[in-house]
Amino acid sequence: MDYHTAPGHRNLLLTFLSINPGTTTILIFTMVLLFVISFLVSGSEVAFFSLTYKDINLLKTKRQPGYKRIVTLLETPKTLLASMIITNSLVNLGIILISNTLMESWIDNLNLHYITSFFIKVILVTTMLVMFAEVLPKVWATHHKIWFASTASLLIEIFNSIFFSLSKRLVTLTDKIENKFHPDGVSGMDNTELDYAIDLLPDHEATSEEKQILKGISKFGSTTVKQTMRTRLDVNGIEHSISFDKVLHIVQEMHYSRLPVFKNNLDEIAGILHTKDLLAHLNEPADFNWHPLIRGVLYVHEQKLIEDLLQDFRNKHMHFAIVVDEFGGTSGIVTLEDIMEEIVGDIQDEFDDESSANKKIDEYTYIFEGKTMIKDVCKALDLPVETFDKLKGDSDSLAGLLLEIAGEFPQVNEEVLCDNFIFVPLEINKNRIEKVKVNIKPQQS
C-alpha cells in the first residue's frame, strides 16, 4: 500500500524547502550557532565591565586560563568593548538575514499582504533577539559575572583578535572626538586631581599631616600588598635547624617582634616565631627544643588589596603575613604596621634605623637605595604616585624602573634619561643596583 502526503501539507513543505532540505538544515544550524555567539558576547559586555578592581585583583591570583584571559583582555577595555559591539552587531545582522530567508517561503505561502508579513517577521525576529541575545544573557551575567566572563573569555579573545585593528581605529577616532568636545578630559577626578584638591585645603582646616592622611585614605582601597610589602631582599628569618642559643642571639640582633622560620630558603617557610614566646625560656640550655614555639603562617598573594588584608588581620588576630607570587615563591612580608603606614606615613620606633641611604642633596638632586619602592620615590620627590606607571612595566623598585627605562644593565655613573629625569646608578654590587641618583631637570620658564 502506498502512503502519500496530503496535497496541502506537501505543497507547504515543498514551498518551505524550496531552497532544498540540506541548505535549510545548514541555515538552521548556523542561526543557532549565531544565537549562542550573540548570547555569550552580549552577556560578556555586562560580565567583563561589571568586574570591580577587587574582582580583577582576585583573578590575578588565579592560575586558570579563563581568569588569565579576563585580566589580559581588560588591559585595553575600550578596544575590548568596541570588538564586542562589532561582533554582536555582525552576528545579529546574520541572524536577521538567515531568519528572513527561512521565514520567507512559509509566510509568503499564507498569502498575506506584504506589510502584514513584514511586521510578522519583524516581531518574531525582534522577540527572539531581545529574549535570547539581550535579556537572558545580561541577567545571567549580572548574577554570575566571573563565571560568565571566564566561560566566554576564549570566544571573546578570538573575536577581539579578529577585530582588534578596526576596534583600535574606532577607539582612536572616538577619543579624538571626545577630546575635541572635552579638551581638558574632565571625565572624573583621578588620584592626581584628588591629591591636588586636598593640597588646596586651607591650613586652618587641615594640617600637612592631616592632608597626608587624607591622601593615604583616598588610595587605600586600591593599594595592593605588592605595593606595600617589604621585598624578599629585606626579609630576615631564622633557619629551622639552628640551636636555641643561636635563636636568642639572632632575636637580640634583629629587634623584631616576629620572625619567619624557614627550611633551606625563604621559599620553605615553616612558621612564625614570636619573640615574646621566648621570654619564659630565656634560661633554657643551648640544646632546648624551641620548635614547638613556632606558630602558623598566613599566606597572601601579591595582588590582594591591603583593605582586605587588614580585615583578615582583624578576623584572625594576626599582624604578620608571608607574601607569595603566582608561582608560590616568597616575594616578601607584610605587617599590620606596613598597612597603617599607607595612611599615616612612616612609623618610627626605638629600634628603627633612622640613618638611610635615601637623602636629598638639593632641590633637584636626590639619592635613593635601588630597592626603594617607586611609590616612595614619588612621595619623596613630591610627585603623583602614578608618574612612572607607563614606564615601570612589572617593576616596583627604583632599580627595576631604571632597568626598564635603560633597556639593558647600565654602568656605574652612566646617565639614563627619561623625560624630565636623569637616573644615575652610583653603586652596583653583583648585578644589583644599590644606589641611584635622581636629577630633576628644572622647568624652563
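A brief structural summary. (Residues numbered from 1 in each chain as written. Predicted model: local features only at pLDDT ≥ 70, side-chain atom pairs only at ≥ 80, totals over all residues. Heavy atoms only, no water.)

**Focus: the overall build of the protein**
Then step 1. Within the protein, the secondary structure is distributed over 16 helices and 12 strands.
Then step 2. Looking at the 445 residues of the protein, the share that counts as buried comes to 37%.
Then step 3. Across the protein, every contact between residues at least 6 apart in sequence was considered, and the portion connecting residues at least 24 apart equals 59%.
Then step 4. Carbon and sulfur atoms provide 57% of the accessible area of the protein, an area that totals close to 26,700 Å². (Helix = DSSP H or I, 4+ residues; strand = E, 2+ residues; numbered from the N terminus. Buried < 20%, exposed > 50% of the residue type's maximum accessible area, 1.4 Å probe, protein only. Contact = heavy atoms within 4.5 Å. Areas by Shrake-Rupley, 256 points an atom, 1.4 Å probe, with all protein chains shown as cover.)

**Structural notes on the environment of phenylalanine 164**
Then step 1. Mapped onto the secondary structure, phenylalanine 164 falls in helix H8 (residues 164-181).
Then step 2. Ignoring anything within four residues of it in the chain, the contact list for phenylalanine 164 reads Thr79 and Ser83.

**Considering the sheet that holds strand E10 (residues 416-418)**
Then step 1. Read across the sheet, five strands follow the order E8-E9-E12-E11-E10 without closing on themselves; strand pairing throughout is antiparallel. The strands lining the two open edges of the sheet, one partner per strand, are strand E8 (359-362) and E10. Pairwise comparison of adjacent strand axes, ignoring direction, gives a mean angle of 25° for this sheet.
Then step 2. Bridge count between E10 and strand E11 (residues 421-428): three bridges; the pairing is antiparallel. Bridge pairing in E11 places cysteine 418 opposite phenylalanine 421.
Then step 3. Of the strands in this sheet, strand E9 (365-369), E10, E11 and strand E12 (433-440) are in contact with helix H16 (residues 398-406), which crosses E12 at around 70°. (Pairing = 2+ DSSP bridges. Axes fitted to C-alpha atoms, helices over the stretch in contact; angles between N-to-C directions.)

**With respect to unusual backbone geometry**
Then step 1. Residues other than glycine seldom take positive phi values, yet asparagine 264 does so here, at roughly 70°.
Then step 2. Structurally, asparagine 264 can be placed in the loop between strand E3 (258-263) and strand E4 (265-274).
Then step 3. Here asparagine 264 falls in the exposed class, since its relative accessible area comes to 63%.

**Remarks on the sheet that holds strand E7 (residues 330-335)**
Then step 1. Read from one edge to the other, the open sheet built from four strands follows the order E1-E7-E6-E5, with strand pairing classed as mixed. Pairing within the sheet leaves two strands with one partner each, and these edge strands are strand E1 (230-231) and strand E5 (299-301).
Then step 2. Alignment of E5 against strand E6 (residues 320-324), held across three bridges, turns out to be parallel. Each bridged residue has a counterpart across the sheet, and for histidine 301 the counterpart in E6 is valine 324.
Then step 3. Packed on one face of the sheet, helix H13 (residues 306-316) meets E5, E6 and E7 and runs near 65° to E7.

**Points about the pairing of E9**
Then step 1. For E9, a buried count of four out of five residues is recorded, marking the element as mostly surrounded by other parts of the structure.
Then step 2. In the sheet, E8 pairs with E9 via three bridges, with the strands oriented antiparallel. Following the sheet pairing, lysine 360 is matched in E9 by tyrosine 366.
Then step 3. Counted between consecutive antiparallel strands, the loop separating E8 from E9 contains two residues.

**Some thoughts on empty space enclosed by the protein**
Then step 1. Counted according to the given criterion, the structure contains one cavity of 30 Å³ or more.
Then step 2. Of the volumes computed, that of the largest cavity is approximately 40 Å³.
Then step 3. As for the largest cavity, its lining consists of Val41, Leu80, Ser83, Met84, Thr87, Ile156, Phe159 and Asn160.
Then step 4. Taken together, the elements giving at least two residues each to the lining of the largest cavity come down to helix H5 (77-108) and helix H7 (145-162).
Then step 5. For the lining of the largest cavity, the element with the highest residue contribution is H5, accounting for four residues.
Then step 6. Counted by class, the lining of the largest cavity contains five nonpolar, three polar and no charged residues. (1 Å grid on protein atoms, 1.4 Å probe; cavity = no way out; pocket = protein on both sides within 12 Å on 5 of 7 lines; lining within 4 Å. Points joined across faces, edges and corners; volume = space filled by probe spheres on them. Nonpolar A, V, L, I, M, F, W, Y, C, P; charged D, E, K, R; others polar.)

**Focus on the layout of surface pockets**
Then step 1. The space that makes up the second largest pocket amounts to roughly 320 Å³.
Then step 2. Residues of the lining of the second largest pocket, tallied by class, amount to six nonpolar, five polar and seven charged.

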